[in-house]
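Residue-level listing of the chains:
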Amino acid sequence: METLSALGGWLWSPAGLSYLLVVLVGVGLLSGVPVILMIERWGSAWMQRRRGPNRVGPFGLMQPLSDALKMVFKEENIPAQAHKILFQLAPCLAVIPPILAFAAIPISGHLILDGTEVPVQVANINVGLLFVLAITSLHVYSVLAAGWASNNKFSLMGALRSSSQMISYEIAIGITVVSLVLTYGTLDLREIVKLQAHGSSLPMWGAGLQPLAFLILWISSFAETNRLPFDLPEGESELVAGYHTEYSGLKFGLFFLGEYVSMYLASAFLATLFFGGYNVPFVNEAMLREFWQNAAGVTLETAALLAVICQLISFVVKVFFFMWVFVWVRWTLPRFRYDQLMDLGWKMLLPLGIFNAIVTMVVSYYLNRGGRF
Amino acid sequence: MQVESTSGVELLIPILAMLGFASVVATGATLVGRFLGPRNLVGVKVQPYECGIKPTGQARERVSVKYYLVAILFLLFDLEAAFLLPVALSWKELSQLGPIILGVMGFFLFFFLLGLWYEFKVKALEWER
């Protein structure tokens, strides 16, 4: 018992908070997947004027749980000619990068522990923007490994399509990030969020400052997460199920989990860069703390905790806005043809991204020199 | 007192902890599925799926050179984007150098756009043919 309370005390200290957050963020993500699954299935049913899941549990709420249980007890098929090691490694590689990249996302403001301000973030890296991009681009390996290891024609075609689609849109993302870095002047995601706070030097959301970059990154995030209308790697009518045709049971479940965690990551990334991250609209952290101190008459530490909870709720609401758009777009737009997809990436988004970067460069040059060239 | 964001080793440990968490989830799911489900892999079950007909030939065949071309172009353009990032990061200091820096960046971006134009001209990304 004493060791437990000692452990609890350590986790609630500046040194241990990161490890507490590892567990909280990880478990939060894994339990967020059934939530968005239910939202997606109800949303789909609503848009298609059908009932949706309503048999398992109250309002069909137990549907994701029963689906997961079914997957656990399914037979896992490994084709005889598959590459055994790569075949089992690929689903793991689909899940690990999106969870890992969440380490750099600032999920809330600052706690006051032992008299110091501790950022509520697993790892407050000063190159968080690059870290997220670098880790998410590892997702390509899982797709390629799955497609190649399965020794199935549909899998290989799906994997090739998926990987070339992902790397094509990564260029658009890379160029667009340049204009964001020009605007914010930093790669630190927490700094970027602070710059978008009320009363700071850039008192505006990134979506207002860089609307074109917002649009490009938003579109690209659909391609990166292989969601409709860009889900060509899984185009059922052509490729059965794309790169995970041969997967069954929990291995398929891991690909599924990876896709939804990637969606959460893309939403959190977009919210951080463009929707002011954890900031509550129209107030900043100091104002929130002051409010709680005055309204509830608590100490500064408790006020900071309450402010952090408010900011976390604000962040989750923003993330779920983007998650809902993922669902919404899925039933609004039909699937693209492959050449249209590549044309959109290379001939629309990339030139637009370069144009945006050049304009941002000239404008910020003009502003940096105090209004003269 | 403000805790500054650092890039030191102490930041690596929470990231490794996150990696550990993710790896435990992934390997745990793989192992659980392996031991809980039935295992009777015989006959046509272990054949590659080809819509019910007998699989013909190998799957790992030669594929269109287009995919290779996309990968090469990705390397080129991503390198150029990666070069632009440090410039963007120090743009505040660089713009104090005056119009010459605009000229330098214009020179670089001219060749960037020249490459893009050439890529369109030789129809490197036309998928219809």
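Residues numbered from 1 in each chain as written. Chains lettered and ligands numbered in written order. Predicted model: local features only at pLDDT ≥ 70, side-chain atom pairs only at ≥ 80, totals over all residues. Heavy atoms only, no water.

Here we take up the overall build of chain B. The helix and strand inventory of chain B stands at four helices and zero strands. Here the C-alpha radius of gyration of chain B, 26 Å, is well above what a compact globule of 129 residues would show, namely 14 Å. Across its three principal directions, the C-alpha atoms of chain B cover 75 × 60 × 15 Å. Relative to its full complement of 129 residues, chain B shows a buried share of 31%. Sequence-distant contacts in chain B: of pairs separated by 6 or more residues, those separated by 24 or more amount to 62%. (Helix = DSSP H or I, 4+ residues; strand = E, 2+ residues; numbered from the N terminus. Rg over C-alpha atoms; globule rule 2.2 N^0.38 Å. Buried < 20%, exposed > 50% of the residue type's maximum accessible area, 1.4 Å probe, protein only. Contact = heavy atoms within 4.5 Å.)

Residue and element names in this part refer to chain A. Taken domain by domain, chain A comprises domain 1 (25-63) and domain 2 (75-368). Each partner contributes residues to the interface: domain 1 has 15 residues there, and domain 2 has 17 residues. Between domain 1 and domain 2, the buried area comes to about 1500 Å², and carbon and sulfur atoms account for 84% of it. It is L29, I36 and E40 in domain 1 that bury the most area against domain 2; as a group they hold 38% of the surface buried on that side. Summed over the shared surface of domain 1 and domain 2, the result is two salt bridges. Ionic pairing is found between R227 and E40, a salt bridge with its closest N-O pair at 2.8 Å. The tally of links between domain 1 and domain 2 comes to five residue pairs in polar contact (both at pLDDT 80 or more). Its residues placed into classes, the side of domain 1 that touches domain 2 shows ten nonpolar, four polar and one charged. (Domains from an automatic or database assignment. Buried area = accessible area lost by both parts, 1.4 Å probe. Salt bridge = Lys/Arg side-chain N within 4 Å of Asp/Glu carboxyl O. Polar contact = N/O pair within 3.5 Å; in protein donor to acceptor, adjacent residues only side chain to side chain. Nonpolar A, V, L, I, M, F, W, Y, C, P; charged D, E, K, R; others polar.)

Moving on to the interface of chain B and chain A. At the interface, 76 residues of chain B touch 86 residues of chain A. Carbon and sulfur atoms make up 71% of the area that chain B and chain A hide from each other, which totals about 7100 Å². A per-residue breakdown of the area chain B buries against chain A is headed by B:M18, B:R60 and B:Y67, which together make up 10% of the total. Taken together, chain B and chain A are joined by six residue pairs in polar contact (both at pLDDT 80 or more). Looking at the side of chain B that touches chain A, the elements that each hand over two or more residues are α1 (12-36), α2 (65-89), α3 (91-94) and α4 (99-121) of chain B. Take the side of chain B that touches chain A: its biggest share by element is 18 residues, from α1(B). Tallied by class, the residues present in the side of chain B that touches chain A amount to 49 nonpolar, 17 polar and ten charged.

Right, let's talk about the pairing of strand β2 (residues 116-119) of chain A for a bit. Residue and element names in this part refer to chain A. Alternating residues of β2 divide into T116 and V118 and E117 and P119, and every residue in both groups is buried. Looking at chain direction, strand β1 (residues 110-113) and β2 are connected through four bridges and run antiparallel. Within β2, the residue paired with L113 across the bridge is T116. Between β1 and β2, which pair antiparallel one after the other, the connecting turn spans two residues, and D114 there sits at a positive phi close to 50°. (Pairing = 2+ DSSP bridges.)

A:F102, A:I105, A:L129, A:L273, A:F274, A:W346 and B:M18 are the most contacted members of the largest nonpolar core, which has 141 residues in total. Lining this core are residues from two domains, each supplying at least three of them: domain 1 (25-63) and domain 2 (75-368) of chain A. Residues contacting B:M18, with those up to four places away along its chain left out, are A:V22, A:V25, A:G26, A:I99, A:L100, A:F102, A:A103 and A:V122. (Core = buried A, V, L, I, M, F, W, Y, C linked by side-chain atoms within 4.5 Å.)

Residue and element names in this part refer to chain A. Packing of helix α10 (residues 211-224) against helix α15 (residues 338-368) leaves a shortest axis separation of 10 Å and a crossing angle of 150°. Overall, the two elements α10 and α15 adopt an arrangement that is roughly antiparallel. Remark: the crossing between α10 and α15 carries left-handed chirality. In contact with L212, A213, I216, I219 and S220 of α10, α15 contributes L344, L349, L352, G353, F355 and N356. Each residue belonging to the contact of α10 with α15 can be placed in one class, and the counts come to eight nonpolar, three polar and no charged. (Axes fitted to C-alpha atoms, helices over the stretch in contact; angles between N-to-C directions. Parallel < 35°, antiparallel > 145°, perpendicular 65-115°, else oblique. Left-handed = near helix turned anticlockwise from the far one by under 90°.)

Moving on, we get to the packing of aromatic side chains. In the structure shown here, the tally under the stated rule is 26 aromatic pairs over all chains. Both rings, one in A:Y169 and one in A:F230, keep their centres 5.6 Å apart while their planes meet at 40°; by these two values the pair is tilted. Pair noted here: A:Y169 is in helix α7 (residues 153-184) and A:F230 is in the loop between α10 and α11 (236-239), with a separation of 61 residues, a long-range link. Overall, A:Y169 belongs to the buried group, its relative accessible area being 0%. The exposure class assigned to A:F230 is buried, which follows from its relative accessible area of 3%. Residues A:W346 and B:F77 carry aromatic rings whose centres are separated by 5.8 Å and whose planes lie at 75° to one another, so their mutual orientation is edge-to-face. Placement of A:W346 in helix α15 and of B:F77 in helix α2 is noted, with the two residues assigned to different chains. Classification of A:W346 by relative accessible area gives buried; the value is 1%. For B:F77, a relative accessible area of 3% puts it in the buried group. By way of ring pairs, the aromatic residues A:W205, A:F214, A:W218, A:F274, A:F275, A:F321 and A:F322 are connected into one cluster. (Phe/Tyr/Trp six-rings, centres within 6.5 Å; stacked < 30°, edge-to-face > 60°.)

Our focus in this paragraph is the environment of A:P97. All names here are of chain A. Locating P97 in the fold gives a position in helix α4 (residues 84-101). Counting along the chain gives 108 residues from P97 to W205, while the straight-line C-alpha distance between them is 28 Å. Excluding anything up to four places from it in sequence, P97 contacts I135 and L138.

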